[in-house]
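Residue-level listing of the chains:
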Amino acid sequence: MIPLSWYLIVAAAMFCIGIYGVLARKNAVGILMGIELMLAAVILNLVAFWRYLTPARISGQAFAVIVFAVAASEAAVGLALIISIYRRRSTVVADEIDILKW
Amino acid sequence: MPILEFTPSMLLAILSEMGLLVLAGIILLVDAIGRQGSRRNLGWLTASGLAAILIAMFIWGKPEASEGLVLGGMLRHDWPAFTFKILLLFAAAVTALLSTGMKPFGDRGEFFALLVVTVMGMNLMVSAADLIMLYLAIETTSIPLYVLAGFLKGDDKSTESGLKYFLFGAIASAVMLYGFSLIYGFSGETNLYALAAGVQAQQLSPWLMGGMALLVIVGFGFKISAAPFHFWAPDVYEGAPTPITAYISTASKAAGFAVLVRVMLAVFPAIQAYWAAILTAMAVVTMTLGNLLALAQKNIKRLLAYSSIAHAGYILIGVVAVNPPPLGTASMLLYLIAYVVTNLAAFAVVVLFARSTGSDEIEDYAGLSRRSPGLALSLLVALLSLAGMPPFAGFIAKVYIFAAAVQSGLIWLAFVGVINAIIGLYYYLTILKVVYLYRSDDEDRRIAIPGAHAVALVGCIAAVLIIGIISGPWLDWTLQAVSSWF
């Protein structure tokens with residue numbers, strides 16, 4: 001059986017790729033994709049921990065299910081906000097969305 | 001397991017949440033079937049509904065001797081949670097009153113329904129005792145707040161602030177959630193109070209614990225807008241509809257602090273020195289950065305944003321001064337109460353001024369003392385209270401928070417706080433100088449104050465004065481309330 005640590009390493013790698021995407025991407029949709037990757041890493045973590053450490057108890061699985069339900073609603077709201085800004089400015093590039101600054 | 005027992009009296013622990021859900025439904029119903037005229041009173045409906053829930057909480061919702069985990073360990077029905085719920089309901093009611101009749105969102109049912117949903121999320125946040133519940137509550141609060149910040153679809157600033165709030169918020173919550181997943185993994189539990197024992201039993205290395213604490217602090221630091229996670233605050237505060245700015249800067253921050261203290265005390269008691277050191281550094285940077293950047297601001301909403309960042313720094317002093325209990329956390333709670341009523345009063349003036357003149361620039365406040373003496377006086381009270389002048393609430397709050405720092409041996413931290421309070425006084429007085437000493441051409445143009453706004457403003461100012469002048473009972477309350485955190 002694959003050891004638990006492999007899953008954790010994959011999840012940590014996914015999380016880091018997600019963080020890199022968030023920091024390096026200029027496009028708001030790209031940033032959103034990075035965030036989704038981070039959440040996917042969390043879900044992988046949760047499911048792996050649940051399966052290996054406490055398979056008899058439901059809490060880890062419930063946590064994972066709730067995380068992807070919330071991730072979906074977060075993505076929906078995020079895309080709605082991106083659309084509303086696209087309608088005003090015809091751009092979704094974060095650097096060009098810069099009226100507010102000191 | 002006794003934790004899984006259910007008795008009907010446990011429903012009293014979620015009395016406010018149930019009430020808020022019903023209220024959100026009523027608001028949407030009135031919005032759907034009501035005539036145009038009745039929609040204008042949605043703000044009143046929301047505020048009176050929140051007030052009714054507040055009264056019901058005092059009658060039935062008090063945690064009695066049965067204080068403890070309820071509903072399968074998801075929530076903890078205790079005095080800190082109760083106090084925070086009262087505070088949050090008050091802040092939301094004031095926000096609803098300030099939104100009444102405002103164009104173009106004051107007659108929109110979904111605006112008030114989303115507001116009520118965020119209050120529900122925050123109420124769950126402050127009583128959550130389980131990682132799953134905590135995450136769900138934080139997101140129930142955040143996601144409607146993103147929408148509310150970007151509610152003015154026809155306004156460039158508002159849409160931008162909504163998007164920025166969303167991006168920063170989603171990143172912070174994803175990092176925090178990664179921390180949650182590790183905490184769950186290394187303890188095998190999701191209940192905050194059970195997992196502390198699990199973590200202890202595993203003999204984890206302090207480095208690993210510290211890493212998890214750090215990830216979690218990122219998420220909470222965003223909620224309380226503490227440096228270095230404060231970048232969103234000025235932009236979001238400036239762009240969001242002003243009542244929502246008031247709400248984010250008060251209620252959202254208070255709920256964030258409630259969660260921060262509960263999680264740190266319940267989950268990480270073993271590495272208290274470590275997280276206290278991190279939070280001390282954050283407190284110093286937050287105070288100093290907030291105050292120094294506030295000096296340069298021309299827009300009053302941005303200025304209040306930086307001032308609210310600085311206040312997060314002061315409040316963090318109370319969290320850091322956790323030993324010996326309970327003065328540190330009690331002073332934190334007292335500061336939050338004082339800060340919430342004061343900041344709401346300040347924003348009430350900003351809302352009223354912008355409503356008549358359409359401007360948020362500080363230079364336009366010239367001659368306000370002649371245009372509307374009452375409004376100018378309210379601003380004076382609010383800003384002096386924020387600056388920490390007696391006899392207002394902010395003074396009492398600052399005294400106790402610095403006293404807590406001294407008591408726990410952090411005299412230098414209290415010293416940094418006092419210096420920062422002096423810097424703060426300078427920029428608050430700069431606004432008052434413009435209001436009272438400068439003349440303007442349209443001094444004969446009055447500023448209209450509608451009934452709802454007047455009620456909100458008078459309520460907040462009265463609270464500032466009452467807390468400031470009669471401080472004893474409030475301190476006793478907070479001292480008693482926080483004792484069940486330990």
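Predicted model, so just to flag it, every value in this text is computed and none were measured.

1. Focus: helix H2 (residues 28-53) of chain A
Phase 1 of the analysis: Helix length check: H2 of chain A, at 26 residues, gives a terminal C-alpha distance of 37 Å against a target of 38 Å (1.5 Å per residue), a fit within 8%.
Phase 2 of the analysis: Where H2 of chain A begins, the capping side chain belongs to Asn 27 of chain A, and its oxygen is found 2.8 Å from the backbone nitrogen of Val 29 of chain A.

2. Topic: the interface of chain A and chain B
The extent of an interface is frequently quoted as the accessible surface area lost upon association of the parts.
Phase 1 of the analysis: Listed as interface residues are 42 residues of chain A and, on the opposing side, 44 residues of chain B.
Phase 2 of the analysis: Buried surface at the junction of chain A and chain B, summed over both partners, amounts to about 3800 Å²; 74% is from carbon and sulfur atoms.
Phase 3 of the analysis: In this assembly, chain A and chain B are joined by 4 salt bridges.
Phase 4 of the analysis: The partner of Glu 160 of chain B in a salt bridge is Arg 89 of chain A, with the nearest N and O atoms 2.8 Å apart.
Phase 5 of the analysis: Our count for the chain A to chain B interface comes out at 8 residue pairs in polar contact (both at pLDDT 80 or more).
Phase 6 of the analysis: Of all the secondary-structure elements, those providing two or more residues to the side of chain A that touches chain B are helix H1 (4-24), H2 and helix H3 (59-89) of chain A.
Phase 7 of the analysis: It is H3 of chain A that contributes the most residues to the side of chain A that touches chain B, 17 residues altogether.
Phase 8 of the analysis: Partitioning the side of chain A that touches chain B into residue classes produces 29 nonpolar, 7 polar and 6 charged.

3. Some words on the side chain of Ser 187 of chain B
Phase 1 of the analysis: With respect to the helices and strands, Ser 187 of chain B occurs in helix H7 (residues 156-187).
Phase 2 of the analysis: Excluding anything up to four places from it in sequence, Ser 187 of chain B contacts Leu 195, Gly 198 and Val 199 of chain B.

4. Some points on unusual backbone geometry
Residue and element names in this part refer to chain B.
Phase 1 of the analysis: Following Lys 103, the chain continues into Pro 104 via a peptide bond in cis, with omega recorded as -5°.
Phase 2 of the analysis: Mapped onto the elements, Pro 104 comes out in the loop between helix H4 (79-99) and helix H5 (109-127).
Phase 3 of the analysis: Here the residue pair Pro 390 and Pro 391 is connected by a cis peptide bond, since its omega of 5° sits within 30 degrees of zero.
Phase 4 of the analysis: As for its position among the elements, Pro 391 is in the loop between helix H16 (373-387) and helix H17 (393-407).
Phase 5 of the analysis: Not every positive phi belongs to a glycine, and Ser 225 is a case in point at roughly 50°.
Phase 6 of the analysis: Structurally, the position occupied by Ser 225 is in the loop between helix H9 (206-223) and helix H10 (232-239).
Phase 7 of the analysis: A residue is classified by how much of its surface remains accessible, and Ser 225, at 0% relative accessible area, is buried.

5. Considerations on the packing of aromatic side chains
Phase 1 of the analysis: Applying the stated criterion across every chain yields a total of 21 aromatic pairs over all chains.
Phase 2 of the analysis: Above the plane of the ring of Tyr 193 of chain B lies Arg 76 of chain B, whose end atom (NZ or CZ) is 5.0 Å from the centre.

6. Here we look at the domain arrangement of chain B
Residues and elements named next belong to chain B.
Phase 1 of the analysis: By domain assignment, chain B separates into domain 1 (1-267) and domain 2 (270-486).
Phase 2 of the analysis: Relative placement of domain 1 and domain 2: their C-alpha centres are 22 Å apart.
Phase 3 of the analysis: The partner domain 2 presents 50 residues to the 56 residues of domain 1 that form the contact.
Phase 4 of the analysis: A combined buried area of about 4600 Å² lies between domain 1 and domain 2, and 79% of that area is made up of carbon and sulfur atoms.
Phase 5 of the analysis: Linking domain 1 to domain 2 there are 2 salt bridges.
Phase 6 of the analysis: Residues Glu 238 and Arg 302 are paired through a salt bridge, measuring 2.6 Å at the closest nitrogen-oxygen approach.
Phase 7 of the analysis: At the boundary of domain 1 with domain 2, the tally comes to 12 residue pairs in polar contact (both at pLDDT 80 or more).
Phase 8 of the analysis: The element contributing the most residues to the side of domain 1 that touches domain 2 is helix H11 (residues 242-267), with 15 residues.
Phase 9 of the analysis: Residues that form the side of domain 1 that touches domain 2 fall into these classes: 37 nonpolar, 12 polar and 7 charged.

Definitions and limits used
- Residues numbered from 1 in each chain as written.
- Chains lettered and ligands numbered in written order.
- Predicted model: local features only at pLDDT ≥ 70, side-chain atom pairs only at ≥ 80, totals over all residues.
- Heavy atoms only, no water.
- Helix = DSSP H or I, 4+ residues; strand = E, 2+ residues; numbered from the N terminus.
- Expected span 1.5 Å × (residues − 1).
- Polar contact = N/O pair within 3.5 Å; in protein donor to acceptor, adjacent residues only side chain to side chain.
- Contact = heavy atoms within 4.5 Å.
- Buried area = accessible area lost by both parts, 1.4 Å probe.
- Salt bridge = Lys/Arg side-chain N within 4 Å of Asp/Glu carboxyl O.
- Nonpolar A, V, L, I, M, F, W, Y, C, P; charged D, E, K, R; others polar.
- Buried < 20%, exposed > 50% of the residue type's maximum accessible area, 1.4 Å probe, protein only.
- Phe/Tyr/Trp six-rings, centres within 6.5 Å; stacked < 30°, edge-to-face > 60°.
- Lys NZ or Arg CZ within 6 Å of the ring centre and 35° of its normal.
- Domains from an automatic or database assignment.

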